[in-house]
Protein chains: 2
Amino acid sequence: MRIYVDCQGGDNAPKAQVLGALAALDEYPDLELVLAGDEPSIKALVGDKINSSRIQIEHCTESISNHESPALAIRQKKDSAIVKGMLSLREKNVDGFVSSGSTGAVLLGGMLRLGRIQGIDRPALAPLIPNGKGQFLLIDCGANVDCKPEYLLQFAAMGEAYMKIVKGVKNPRIGLANIGEEAEKGNALTKEAYPLLKNSPFNFVGNVEARYITADKADVIVCDGFVGNIILKFMEGVAKTLLGIIKKELLADTLSKIGALMAKPAFSRVKKLMDYKEVGGAPLLGVSGSVVKAHGSSDERAFKNAIGQCVNMVKGDIAQAIADNIQSIKEV
Amino acid sequence: MRIYVDCQGGDNAPKAQVLGALAALDEYPDLELVLAGDEPSIKALVGDKINSSRIQIEHCTESISNHESPALAIRQKKDSAIVKGMLSLREKNVDGFVSSGSTGAVLLGGMLRLGRIQGIDRPALAPLIPNGKGQFLLIDCGANVDCKPEYLLQFAAMGEAYMKIVKGVKNPRIGLANIGEEAEKGNALTKEAYPLLKNSPFNFVGNVEARYITADKADVIVCDGFVGNIILKFMEGVAKTLLGIIKKELLADTLSKIGALMAKPAFSRVKKLMDYKEVGGAPLLGVSGSVVKAHGSSDERAFKNAIGQCVNMVKGDIAQAIADNIQSIKEV
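Here the structure is a predicted model, which means the values were calculated and not measured. (Residues numbered from 1 in each chain as written. Chains lettered and ligands numbered in written order. Predicted model: local features only at pLDDT ≥ 70, side-chain atom pairs only at ≥ 80, totals over all residues. Heavy atoms only, no water.)

A. Structural detail: the sheet that holds strand S10 (residues 220–222) of chain B. All names here are of chain B. One open sheet holds the 5 strands; their spatial order is S6-S7-S10-S8-S9, and the pairing between them is mixed. Sheet topology places strand S6 (128–130) and strand S9 (203–209) at the edges, where each strand pairs with a single neighbour. When strand polarity is set aside, the average angle formed by the axes of neighbouring strands in this sheet is 30 degrees. Two strands pair when backbone bridges link them, and strand S8 (residues 173–178) and S10 are joined in this way by 3 bridges, in the parallel orientation. Pairing of Ile174 across the sheet is with Val220, part of S10. Contacting S6, strand S7 (135–139), S8 and S10, helix H6 (residues 149–165) crosses the sheet at an angle of about 150 degrees to S7. (Pairing = 2+ DSSP bridges. Helix = DSSP H or I, 4+ residues; strand = E, 2+ residues; numbered from the N terminus. Axes fitted to C-alpha atoms, helices over the stretch in contact; angles between N-to-C directions. Contact = heavy atoms within 4.5 Å.)

Written out as structure tokens, the structure is:
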């Protein structure tokens, strides 16, 4: 198995990407990697392993930043890791692609250079989110801010396949993020999406009220990309605010301060449970191949886990599983 | 000043409502109350104070539950506290109305029986949300799930008036809940609402990404009611999940357990900072009067604070302040 690694994008590039990639090589004996980016920098980081037959370095003369138009960049920057990686994947020179670069560019590159699975209107970004007990897949998370009801059904098909194939969940529970539990609750979009999901071949568990999104009511939470992005980012914000308040109050009196010191192991466990770095990245689902968008702030460990996630997507042939699910919708 | 109190709705009715009302009477010397609901039950709770000239009891033979259609209930249940209260407010027999009953019925009762302020298309529910430093107003929060851009501008006008008049914020910062900071980010609705807000007479601080919603970037956060409801309920859910995980981990080893006991005062302060009961209820803004929807699970203290909130709305003449803001939009 061969995975294309974008070593250009992300806050800690290329170090976290290259070192994460080397760690992944140690973990997966069947893995081969194409490390794409600035060749001299990558070579310096790879060090002694440069002669490994499992590593190929692809020099790129252009790179895509977060601050430029993804549409223009994908069209013009043909010698960037994102464009070259997507084309390599389409040509089947590699089996998967991992990037912590511009989300918009990965998304558009996937749609325009790699292509969509037949029957999928809109590929979606779908991060796994920790809820303390396990993880749920939130789909879509920003790729499609204005959705039609049938997109949400397709998101369910993609999320179902992912949780089954990659996470080994037997009969993934599909929930629709909504403002009430009853079928008739919601906005125009969710009201129309509900019967589509209800009549689908999937294990639809109904509307999931926002207060229960992190309460392990579903393995896949379906929503439009605007709402999904709000949920994803707001979760981060609330957790930060809450932990900030707790920290401040713990330091405000001596007894609490000592207590907090004693409880440090517990707080470390909480941190680990809620840590996105354990999870890896967000799969880009609905494109014709295994693509993972890692967090821009990924460190070595997070990036290694994103590659591991891509390995599992390739092993399970996620694109085929999604195509099968789309077929099963048509047969209902 | 005379406030109509619905003693029928809510998980702890009528006890929390009546005792909360009596506590409010002690706190506000100028306050008079109409306590509406089942007369014998209210009388029993009022006890010795029954002869006070500041208390009037209005018996209601009907009540509206959370489980019935608000539209039908408002039309048919003419002898319910919500319908009678809204009519009393319209007739200026009272100056304000407080209820912890059905949100839909309070909303529809306000729109249909009390009426809207001129220039307001859609009244909105706008809870104050603690962020650790202070509070921000989230508008709308569920009254209007599908919005037009101009509704969001009207929400800004209402929220601005509320924070100025009731909370004493000098030049309230208005933010638009969005998925990116740049003006061109967002879905169709927020993209169109942005220039309206930008060109308004209000102190528009731009888009507020969801991760910064609780970071004190704005005093008023504007969004459609679907997104607002998701934010409101998700905040509750995340806080609960996170505190649950922390609690579980604190009890998982002996040292942490002792530490947690020592840090108890700090955790109590955190709880108080994040407690909606301190805040009161959500004002229903845009209707021709001062209306507060208290949380269904309000206890005595929360309900007392909701009445206090209504007192401040009456004192500041919130409906007039909103009308002035709507006028100022037209003059731009």
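Back to the text.
B. Expanded view of the relation of the copies chain A and chain B. When chain A is fitted to chain B, the residual RMSD is 0.0 Å, and the transformation amounts to a turn of 180 degrees plus an axial shift of 0.0 Å. The operation mapping one copy onto its partner corresponds to a two-fold rotation axis. Residue Gly259 of chain A of chain A places its C-alpha closer to the rotation axis than any other residue of that unit, at 1.8 Å. By residue overlap, the copies meet face to face through one surface: 100% of the interface positions of chain A are interface positions in chain B. (Least-squares fit on C-alpha atoms with pLDDT ≥ 70 in both.)

C. Fine view of the pattern of salt bridges. All chains considered together, the criterion is met by 30 salt bridges over all chains. The partner of Lys233 of chain A in a salt bridge is Glu209 of chain B, with the nearest N and O atoms 3.0 Å apart. Pair noted here: Lys233 of chain A is in helix H8 (residues 225–250) and Glu209 of chain B is in strand S9, and the two residues belong to different chains. Judged by its relative accessible area of 13%, Lys233 of chain A falls in the buried class. Look at Glu209 of chain B and you get buried, because its relative accessible area is 12%. Via salt bridges that share partners, Glu209 and Arg211 of chain A together with Lys233 and Glu236 of chain B belong to a single interconnected network. (Salt bridge = Lys/Arg side-chain N within 4 Å of Asp/Glu carboxyl O. Buried < 20%, exposed > 50% of the residue type's maximum accessible area, 1.4 Å probe, protein only.)

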